[in-house]
Amino acid sequence: MKKSVSEINSKAWDIEVENEHWATIPISTEELEKLEQEGFPISLTGSRYLPTDWLGEVVGKDILCVACGGGQQTLLLALKGANVTSLDNSARQLDRDRESASKHQVVVETILGSMDSAQSYPNHQYDYIILGMGAQFVEDISKVFPLIQERLKTNGTFIGAFVNPVCYLFDWEAYENNKMEIKYKVPYSDLTSISQIERVRVIGEDSPVEFGHSLEQIFRGVTQAGMIIHDYIEEFDAKEKMGEYFPSYFSIKAINKE
C-alpha cells in the first residue's frame, strides 16, 4: 500500500532527529540561561525573535504548538508559564519536547499527528495556536487553517511561520554548486515538480517531502478561514546563499474573529 505524505514525513523527521537537524536539537542549558535574561524570547524561523507584543503575557494561557517539536519553542513557552500542548508528526520530535520539559521541571503535553488531519487535534479551544515552520511538509495547506481557526478562542491569536515560496524556484543541483538558476514554478511539489530519480539524487531518499505553497495559498488561506492578519516579519537565512538576496522565511500574526 502506498504511504501517505504524513506517513512519509513522520518517518523522515524521526530520521532528521537522528541526524541532528538544527530544528531537532533542544535548547542547551547555556542557551537557556542567556534566553532567561531576555525573558525567554521565541523564534520560529531560526534566529529572529517574534515581536514581544505578539505573545504578551502568557502565564496560565492555553497554547497549542503545531510542528514545534524538538525541545525549543515548547520549552520556552512552558517556562514562560503557559499551558503547552505540542502536536507534531514526529514521535522523536515529541520525545525531545518531553525530555526537555522534564529536564527543566515543566510540563508539555504531546500529541502525535499531522496538522492537516482533524483527528489529530484535541477537542479544546486555545488562547494561542503557534504553527512552527512546518507547513511546507503538508501537501494541501488549505486544510490546515480551518482546523486551526476552529480551535482558537474568539479573539485568540494565531502565529505561523512559513518558507518563502521563492526558495523553491531554484535548480537544487546547480545551487549546490553555488549557482542560483531558476528551474521550478510556484506552487512547488516534491511529488510533481521534480522527478523521483532527481529528488533522490539531489535531495536524498530519506528527506521529508516538501511543498512550496504560494503566498496566495498562505495569506488567503488564513483570511478565508476567518482570521485577520495583524502583523508580519521576515528572516534572511544567513546559512544559505539565497539569504543574501531575499527573506527565506516569514511569520504572521492573525486574530480569530469568528
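Above this text is the structure in question.
Residues numbered from 1 in each chain as written. Predicted model: local features only at pLDDT ≥ 70, side-chain atom pairs only at ≥ 80, totals over all residues. Heavy atoms only, no water.

J.: Any chance you could break down the overall build of the chain for me, citing the residues and the numbers?
T.: Tallying secondary structure elements over the chain gives 9 helices and 9 strands in all. A globule of 258 residues ought to have a C-alpha radius of gyration of about 18 Å, and the chain, at 18 Å, matches this closely. Structurally, the chain occupies a C-alpha span of about 50 × 45 × 40 Å along its principal axes. Looking at the chain as a whole, 52% of its 258 residues are labelled buried. (Helix = DSSP H or I, 4+ residues; strand = E, 2+ residues; numbered from the N terminus. Rg over C-alpha atoms; globule rule 2.2 N^0.38 Å. Buried < 20%, exposed > 50% of the residue type's maximum accessible area, 1.4 Å probe, protein only.)

J.: An account of helix 5 (residues 91-103) is needed here, citing residue identities and associated values.
T.: Between its terminal C-alpha atoms helix 5 stretches 18 Å, which fits the 18 Å expected from 13 residues at 1.5 Å a residue. Buried residues in helix 5 make contact with helix 1 (5-18), helix 4 (73-79), strand 2 (83-88) and strand 3 (108-112). (Expected span 1.5 Å × (residues − 1). Contact = heavy atoms within 4.5 Å.)

J.: I'd like to hear about the sheet that holds strand 1 (residues 62-66), residue by residue, with values.
T.: One open sheet holds the 7 strands; their spatial order is 3-2-1-4-5-9-8, and the pairing between them is mixed. Each of the sheet's edge strands pairs with one partner strand only, and the pair in question is strand 3 and strand 8 (227-235). Pairs of neighbouring strands in the sheet enclose a mean axial angle of 15 degrees, with direction left out of account. In this structure, strand 1 lies alongside strand 2, joined through 5 bridges in parallel fashion. Bridge pairing in strand 2 links Ile63 to Val84. Contacting strand 2 and strand 3, helix 5 crosses the sheet at an angle of about 170 degrees to strand 3. (Pairing = 2+ DSSP bridges. Axes fitted to C-alpha atoms, helices over the stretch in contact; angles between N-to-C directions.)

J.: Give a description of unusual backbone geometry that names residues and reports values.
T.: Backbone phi values are negative for most residues with the exception of glycine, while trans is the configuration of most peptide bonds. The omega angle of the peptide bond from Val186 to Pro187 is 0 degrees, so this bond is cis rather than trans. Looking at where Pro187 falls in the secondary structure, it is placed in the loop between helix 7 (172-176) and strand 6 (188-189). With a phi angle near 70 degrees, Asn155 is a residue other than glycine that sits in the positive phi range. Mapped onto the elements of the fold, Asn155 is located in strand 5 (residues 152-163).

J.: An account of the environment of Glu20 is needed here, citing residue identities and associated values.
T.: The residue Glu20 is located in the loop between helix 1 and helix 2 (29-37) in this model. Given a relative accessible area of 56%, Glu20 falls into the exposed group. The sequence separation of Glu20 and Tyr184 amounts to 164 residues, and the corresponding C-alpha distance is 29 Å.

J.: Let's hear about a negative patch on the surface: which residues, and what values?
T.: Residues Glu30, Glu31, Glu33 and Glu36 make up a contiguous surface patch of negative charge. With respect to the helices and strands, Glu33 occurs in helix 2. (Patch = residues over 30% accessible without salt bridge, like charges linked within 9 Å, V, L, I, M, F, W, Y side chains within 5 Å. Areas by Shrake-Rupley, 256 points an atom, 1.4 Å probe, with all protein chains shown as cover. Salt bridge = Lys/Arg side-chain N within 4 Å of Asp/Glu carboxyl O. Lys, Arg positive; Asp, Glu negative; His and termini not counted. Charge placed at Lys NZ, Arg CZ, Asp CG, Glu CD.)

J.: Please set out the packing of helix 1 against helix 5 residue by residue, giving values where relevant.
T.: Contact pair helix 1 / helix 5: the axes reach a minimum separation of 7 Å and the direction vectors enclose 50 degrees. When the axes of helix 1 and helix 5 are compared, the pair comes out oblique. Contacts between helix 1 and helix 5 involve Trp13, Asp14, Val17 and Glu18 from the former and Ala91, Arg92, Gln93 and Arg96 from the latter. Classifying every residue of the contact of helix 1 with helix 5 by side-chain character gives 3 nonpolar, 1 polar and 4 charged. (Parallel < 35°, antiparallel > 145°, perpendicular 65-115°, else oblique. Nonpolar A, V, L, I, M, F, W, Y, C, P; charged D, E, K, R; others polar.)

J.: How would you explain the environment of Gly132 if you had to name every residue and give the values?
T.: Assignment of secondary structure puts Gly132 in the loop between strand 4 (126-131) and helix 6 (144-150). Owing to a relative accessible area of 2%, Gly132 belongs among the buried residues under this scheme. A sequence separation of 59 residues divides Gly132 from Gln73, and the C-alpha atoms of the two residues are 8.6 Å apart. Aside from chain neighbours lying at most four places away, what touches Gly132 is Val66, Ala67, Cys68 and Ala161.

J.: Tell me about the packing of aromatic side chains, residues and numbers included.
T.: In total, this model carries 11 aromatic pairs according to the counting rule given. Ring centres of Phe219 and Phe250 lie 5.5 Å apart, and the angle between their planes is 15 degrees; this geometry places the pair in the stacked category. One end of the pair, Phe219, is in helix 9 (residues 215-224); the other, Phe250, is in strand 9 (residues 249-256), and 31 residues separate them in sequence. Accessibility expressed as a relative area gives 23% for Phe219, which makes it partly exposed. In this structure Phe250 comes out as buried when scored by relative accessible area, which is 2%. Here the basic side chain of Lys239 rests over the ring of Trp22, its NZ or CZ set 4.9 Å away from the ring centre. (Phe/Tyr/Trp six-rings, centres within 6.5 Å; stacked < 30°, edge-to-face > 60°. Lys NZ or Arg CZ within 6 Å of the ring centre and 35° of its normal.)

What is shown is where atoms sit, not what they do.
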